[in-house]
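Analysis of the macromolecular model
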Amino acid sequence: MNHSFFRQDTVTLAQKLLGHLLVHRTPEGVTAGMIVETEAYVGAIDKACHAYKNRSERTEIMYHDGGYAYVYLIYGMHCCFNVVTGPPEEGNAVLIRALEPVFGIDLMERRRKTESLYNLCSGPGKICQALGITRKEYGLDLCDANSPLYLRSFRSVPKSKIASSPRINVAYAEEAKDWPWRFFIKGNPFVSV
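Here is what the cut-offs are and how they apply
Residues numbered from 1 in each chain as written. Predicted model: local features only at pLDDT ≥ 70, side-chain atom pairs only at ≥ 80, totals over all residues. Heavy atoms only, no water. Patch = residues over 30% accessible without salt bridge, like charges linked within 9 Å, V, L, I, M, F, W, Y side chains within 5 Å. Areas by Shrake-Rupley, 256 points an atom, 1.4 Å probe, with all protein chains shown as cover. Salt bridge = Lys/Arg side-chain N within 4 Å of Asp/Glu carboxyl O. Helix = DSSP H or I, 4+ residues; strand = E, 2+ residues; numbered from the N terminus. Buried < 20%, exposed > 50% of the residue type's maximum accessible area, 1.4 Å probe, protein only. Contact = heavy atoms within 4.5 Å. Pairing = 2+ DSSP bridges.

Taken together, the side chains of Val30, Val102, Phe103 and Phe154 present a nonpolar region at the surface, about 310 Å² in accessible area. One can find Phe154 in the loop between β6 (149-152) and β7 (162-165).

And the structure:
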């Protein structure tokens, strides 16, 4: 994968990321999952986006080239992992909402303290806990297979298998709360509930 892939339109890329593999290498071991659910965020027009009228230390990576990791903390306790998209200076990202566990499942279960396969990565906070992603991974190059955190092609998901809905937990975002920018693989049991 290279950065040009991540410079596509953010809403389009949120769909194209479905089926890709997110891999994280740590001293504890390697974990990986297939992306089954995403949400698009477009800084220039989207009141649900962290970069909407808000270029800050927290959002700075969102203004870089596509293909970098944007990791942030919610509720003071859970990390969420995003893929920066688009050309530099746009402030766009795709939130990875759910994964289908593929590799390192035993380590994911230990980290999440559960043996429920369907509960390991069925939400953005769960993904980061299961894969050991923290704010230390903020800004990593996801195109570099030598990076501890990277994305790679895995399975092709046909358009007929992709469903959309409004995004989750963005009721504050006025008209943007209704935009159908959440994408998921139809019938996949690992999509968040």
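Where helix α2 (residues 105-112) is concerned, the buried positions are Leu107, Met108, Glu109, Arg111 and Arg112. Of the surrounding secondary structure, the elements contacted by the buried residues of α2 are β1 (21-26), β2 (29-42), β5 (92-103) and α3 (124-131). Downstream of α2 by a residue or two, Lys113 has a phi angle that is positive, lying close to 55 degrees.

This part takes up the pairing of β1. Of all six residues that make up β1, five are buried, and the element is covered over most of its length. As judged from the six bridges shared by β1 and β2, these two strands associate in the antiparallel manner. Its bridge partner being in β2, Thr26 is matched across the sheet by Gly29. Counted along the chain from β1 to the antiparallel partner β2, the turn is two residues long.

This is a description of form; function is not addressed.
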